[in-house]
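Letter by letter, the chains look like this.
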Amino acid sequence: MLRSVFSALAIMAMAAPLSAEIRIAHVYGKTGPFEAYAKQSHDGLMMGLAYATGGTMEIDGEPIVVIEKDTQLKPDLGKALLAEAYGDDDAHIAVGPVSSGVALAMLPVAEEYERVLIVEPAVADSITGENWNRYIFRTGRNSSQDAIANAVALGGKDVSVATLAQDYAFGRDGVAAFKEAIEKTGAVVAYEEYVPTDTTDFTAAAERIFQNMADVEGDKKLFIIWAGGGNPMGKINAMDPSRFGLEIATGGNILAALTAYKELPGMEGATYYYYEIPKNPVNDWLVEEHMKRFGTPPDFFTAGGMSAGIAVVEAIKAAGGAEDTEALIDAMEGLEWASPKGPMRFRAEDHQALQVMYHFRTEVQEGKDYGVPVLVREIGIDEMDIPIRN
């Protein structure tokens, strides 16, 4: 009898894994209008995990397992899938989503399960603002970082701005943050226009903007905040806003969206990332490795995904493992790590990653079918007074 028990225990020991798994759930809008963003984010996440583990995909001998969940950009589905990831899959950390609306639905789930959610790349300020909880960290930039960087690039006395944005959390938070930031430079936001996310005909919206800005004096700009397909910049530029003294301005975007920038050489704004701008070893690796794997340079959200992947590994190392959420939170508050954009740091107060931004000017370059955002200057972390809104 005793011998059979020992035999059974020996068999169980041989069948058991040599080490525990580190389970990372990527809960993101794999299908839907932001599919391009999602692919970049996932590619970047996997590359970040590989980079930070020296290609082993292990931390202290424990293999990393990445579990993918497709929110389809539906808030209710995102909420359910995150609960499934924490509850059924026992994920230690989750990363995602793409959409701010989905992210806001997911935040309470992290608190309910007492597990960390690293938000990447959803942007709305409210994620690390009024809807935040202590389990939420964000490697992606927020609306205020976008807004303040663009205000630095575009603002000044005698500047009047009209805004055009999508009518949901990303657009409204973005305009609110931009308005607050640019008015500190002496500029004013003279008119705001919001349109549904699926708008394809911008004639009426553009006419309202033109009429409201026609009699405004001084330097006039139309600042466009847009996510996903159907970017209105090219269509509005075709309507010749210069008739009303209006100059189009916008922030950075993915390479596919930069094709519209080619029509606007000299346009200025601020961007989160363009692969030729940062000069550091992490970005050098990302560019070289991405070209090897995919035959294209890394894009806007690839850099963000990689930043999240590196942050995951560094946090687990600092915490001494992935099992203890409280240890992870302690390790992550104030954590600084090297990203493709240079050093990033989780601010202890709201867990927002502080990071540089880039003032650019669009240039047409031979061999590129898009307007290239050429660096005017780096906007440092200390130059941006990012509000704590939680």
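Fair warning: this is a prediction, and the values are worked out from it, not measured in the lab.

Quick word on the overall build of the protein
Okay, step 1: Of the regular secondary structure elements, the protein holds 11 helices and 16 strands.
Okay, step 2: Taken over C-alpha atoms, the radius of gyration comes to 22 Å for the protein, in line with the 21 Å a tight globule of 390 residues would show.
Okay, step 3: Buried residues in the protein amount to 56% of all 390 residues.
Okay, step 4: For the protein, long-range pairs separated by at least 24 residues make up 69% of all intrachain contacts whose partners lie at least 6 apart in sequence.
Okay, step 5: Put simply, the protein shows about 15900 Å² of open surface, and 51% of that area lies on carbon and sulfur atoms.
Okay, step 6: A distance of 2 Å separates the average location of the 32 positive side-chain charges in the protein from that of its 58 negative side-chain charges.

Section: the packing of aromatic side chains
Okay, step 1: In total, this model carries 15 aromatic pairs according to the counting rule given.
Okay, step 2: On the basis of an interplanar angle of 35 degrees and a centroid distance of 5.9 Å, the ring pair of Y86 and Y113 is categorised as tilted. Here Y113 lies in helix α4 (residues 100-113) and Y86 lies in helix α3 (residues 75-87), a separation of 27 residues in the sequence.
Okay, step 3: Where F137 meets F346, the ring centres are 5.1 Å apart and the plane angle is 70 degrees; that geometry is what we call edge-to-face. Separated by 209 residues along the polypeptide, F137 in strand β6 (residues 136-138) and F346 in strand β13 (residues 342-346) bring together distant segments of the chain. Taken individually, F137 and F346 each receive the classification buried, so the pair is uniform in this respect.
Okay, step 4: A connected cluster of aromatic rings, assembled from ring pairs, spans F34, Y37, Y272, F300 and F301.
Okay, step 5: Taking the ring centre of Y135 as reference, the NZ or CZ of R134 above it sits at 5.3 Å.
Okay, step 6: Across from the ring centre of Y194, 3.8 Å away, lies the NZ or CZ of R172, which sits over that ring.

Points about the sheet that holds β6
Pairing between the strands of a sheet is mediated by backbone hydrogen bonds and can be parallel or antiparallel.
Okay, step 1: With respect to topology, six strands assemble into an open sheet ordered β2-β3-β1-β4-β5-β6, the strand pairing being mixed. In this open sheet, the two strands that pair with only one neighbour each are β2 (58-59) and β6.
Okay, step 2: Across three bridges, strand β5 (residues 116-119) lies against β6 in parallel orientation. Looking at β6, one finds that V119 is bridged to R138.
Okay, step 3: The strands that helix α10 (residues 300-319) touches are β1 (22-28), β2, β3 (62-70), β4 (93-95) and β5; relative to β4, the one it contacts most, it runs at about 165 degrees.

Overview of the side chain of R115
Okay, step 1: With respect to the secondary-structure elements, R115 resides in the loop between α4 and β5.
Okay, step 2: Separated by 2.9 Å, the side chains of R115 and D90 make a polar contact.
Okay, step 3: Among the polar contacts listed, one links the side chain of R115 to the backbone oxygen of A91, at a separation of 2.5 Å.
Okay, step 4: Once residues within four sequence positions are removed from consideration, R115 is found in contact with Y86, D90, A91, H92, A110, Y135 and T325.

Describing the pairing of strand β9 (residues 219-225)
Okay, step 1: Counted residue by residue, β9 has six buried out of seven residues, so it is predominantly covered.
Okay, step 2: Bridge analysis of strand β7 (residues 159-166) against β9 gives seven bridges, and the strand direction is parallel. Paired with T163 across the bridge in β9 is F223.
Okay, step 3: Of the strand pairs in this sheet, β9 and strand β10 (residues 246-250) are connected by five bridges, and their pairing is parallel. In the strand pairing of β10, K220 is matched with L246.

Conventions adopted
Residues numbered from 1 in each chain as written. Predicted model: local features only at pLDDT ≥ 70, side-chain atom pairs only at ≥ 80, totals over all residues. Heavy atoms only, no water. Helix = DSSP H or I, 4+ residues; strand = E, 2+ residues; numbered from the N terminus. Rg over C-alpha atoms; globule rule 2.2 N^0.38 Å. Buried < 20%, exposed > 50% of the residue type's maximum accessible area, 1.4 Å probe, protein only. Contact = heavy atoms within 4.5 Å. Areas by Shrake-Rupley, 256 points an atom, 1.4 Å probe, with all protein chains shown as cover. Lys, Arg positive; Asp, Glu negative; His and termini not counted. Charge placed at Lys NZ, Arg CZ, Asp CG, Glu CD. Phe/Tyr/Trp six-rings, centres within 6.5 Å; stacked < 30°, edge-to-face > 60°. Lys NZ or Arg CZ within 6 Å of the ring centre and 35° of its normal. Pairing = 2+ DSSP bridges. Axes fitted to C-alpha atoms, helices over the stretch in contact; angles between N-to-C directions. Polar contact = N/O pair within 3.5 Å; in protein donor to acceptor, adjacent residues only side chain to side chain.

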